[in-house]
Amino acid sequence: MQCTQLPNAPIHRPVNCANMLRLVTASLSLFCQRAQLTTLLLTRPNSSVVHEENLVTVDALYDLSVDISKIRKVKGWVLRQSPVYVSEAAALLRDMGASGPVIARVLELHPEAILCKPEQMEAQKKLWMSVCASQKDLVGIIEKFPASFFSSSSDHDNQKANIMYFQTLHLNNRVISKLMASAPQSFSRPMKQNEEMIQTLQKTYLDLGGKEDNLKIWLQKLLTQNPYVLLKPPEVLRENLTFLRDRGFTSSELLRLLSKLRGFVTELNPESMRLTLSYSQETLECTEAEFKEVVLQCPALLYYSVPILVDRFNGLLTAGVSMEQIMGTPTVLELTTQIVQYRIQKLRSFGYDVRTGSLDVLNGTKKDFEMSYGKLRLRRERPLFNPVAPLQSSSPPRTKD
């Protein structure tokens, strides 16, 4: 039977691959153009993202000379919040004596401040003034640590309880305010957790032979040097001291280490200490007694990793320093290889050879080294004659007739 085609039936033509490829290419091109256009709109100043911003907030911040671009780069979400309290935050700071540039800097560093309710800000001010000597001191703290002041309202009760607890320890209010500023997490958590760590530190100090009369000063100094010690579990301190005692350190030596480490003993763990101590002793090729003295002089050996120590030992040996010199001044290992090389080169320019001299001149802060370096320079540049003494005449002395 012969098939006949209906008059209105569509005609099926074979697919042309070239035409299909052109169609796909055109579709992809159109998609890419739309994507580029979308990206451009999102990044343009007059894009829909900017329209989502709270224009009242933006205008208020502009009036305070705040750099909006800095906020947009890091915390742009703040500009899209409502309600906000820009004028209230600025007024609070201004009433405490903050200048315009200080207010702008605070809001740039911590724009979340404008989300704090006025009653919350006032409560924080009252709380902080219980440990700050003056509003000027509080402004100085806010300028450096704005996030510590403009904190969550849910933390207020914990902050208040922690302040009262630290005051019962008779700690200096200035120390307490520094703790609140530099380690706000320790004041935001329940007071009982801080109390447990403080009691562990106190007991450890006394058990190791520390005197009751010096306990407050010792604790105050340790907390100032490392406020984050409060955030560590007490078990960490006990484990690390047990490890060191097993290594042969006596109670008095452990007390020295605990004081010199400035509370950083809680940052350590037995396994890392075992690795660093083993490597250091093998490298120095010394006895247990000699090595204990090295560690007591340079407790940093307890927390530097092996790769760091390898680099520092090699840097000193490459400069011609001997192991005996390192053992005599082990604190030189606290300096990075780059700093050591720079200082050796500086000293060499004035005739000082570390290979034959003491390494003490390398030690210390940048200011300490500059003083030592300056003394060497003066010694080299000092004139050979005494400028105060009268000059001798070159003419022959007169003779009497």
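Read on for a plain summary of the structure. Everything numeric here is computed off the predicted structure, so don't read it as measured data. (Residues numbered from 1 in each chain as written. Predicted model: local features only at pLDDT ≥ 70, side-chain atom pairs only at ≥ 80, totals over all residues. Heavy atoms only, no water.)

## Overview of helix H17 (residues 270–284)
For step 1, the next point in the chain: For H17, spanning 15 residues, the distance from its first C-alpha to its last is 21 Å, which sits close to the expected 21 Å at 1.5 Å a residue.
For step 2, the next point in the chain: Within H17 the residues assigned to the buried category are Met273, Thr276, Leu277, Tyr279, Ser280, Gln281, Thr283 and Leu284.
For step 3, the next point in the chain: Close packing links the buried residues of H17 with helix H15 (234–246), helix H18 (288–297), helix H19 (306–318) and helix H20 (323–328).
For step 4, the next point in the chain: Within two residues after H17, Glu285 carries a phi angle of roughly 55 degrees, on the positive side. (Helix = DSSP H or I, 4+ residues; strand = E, 2+ residues; numbered from the N terminus. Expected span 1.5 Å × (residues − 1). Buried < 20%, exposed > 50% of the residue type's maximum accessible area, 1.4 Å probe, protein only. Contact = heavy atoms within 4.5 Å.)

## Comments concerning the environment of Gly97
For step 1, the next point in the chain: Locating Gly97 in the fold gives a position in the loop between helix H5 (86–95) and helix H6 (100–109).
For step 2, the next point in the chain: Assessed through its relative accessible area of 60%, Gly97 is described here as exposed.
For step 3, the next point in the chain: Here the alpha-carbon distance between Gly97 and Leu138, two residues 41 residues apart in the chain, equals 9.8 Å.

## Re the pattern of salt bridges
For step 1, the next point in the chain: This model, assessed by the stated rule, comprises eleven salt bridges.
For step 2, the next point in the chain: The partner of Arg105 in a salt bridge is Glu143, with the nearest N and O atoms 2.5 Å apart. Residue Arg105 is located in helix H6, and its partner Glu143 is located in helix H8 (residues 135–144); the two are separated by 38 residues in the primary sequence.
For step 3, the next point in the chain: Residue Glu143 is classed as partly exposed on the basis of its relative accessible area, which comes to 25%.
For step 4, the next point in the chain: Across the pair Arg238 and Glu235 runs a salt bridge, and its minimum N-O distance is 3.8 Å. (Salt bridge = Lys/Arg side-chain N within 4 Å of Asp/Glu carboxyl O.)

## Some remarks on the nonpolar core
For step 1, the next point in the chain: Among the nonpolar cores identified, the biggest contains 104 residues, and Phe150, Phe166, Leu223 and Leu302 are the most heavily contacted of them.
For step 2, the next point in the chain: Among all residues touching Leu302, those that are not within four sequence positions of it are Leu244, Leu257, Leu261, Leu268, Met273, Thr276, Leu277 and Val295. (Core = buried A, V, L, I, M, F, W, Y, C linked by side-chain atoms within 4.5 Å.)

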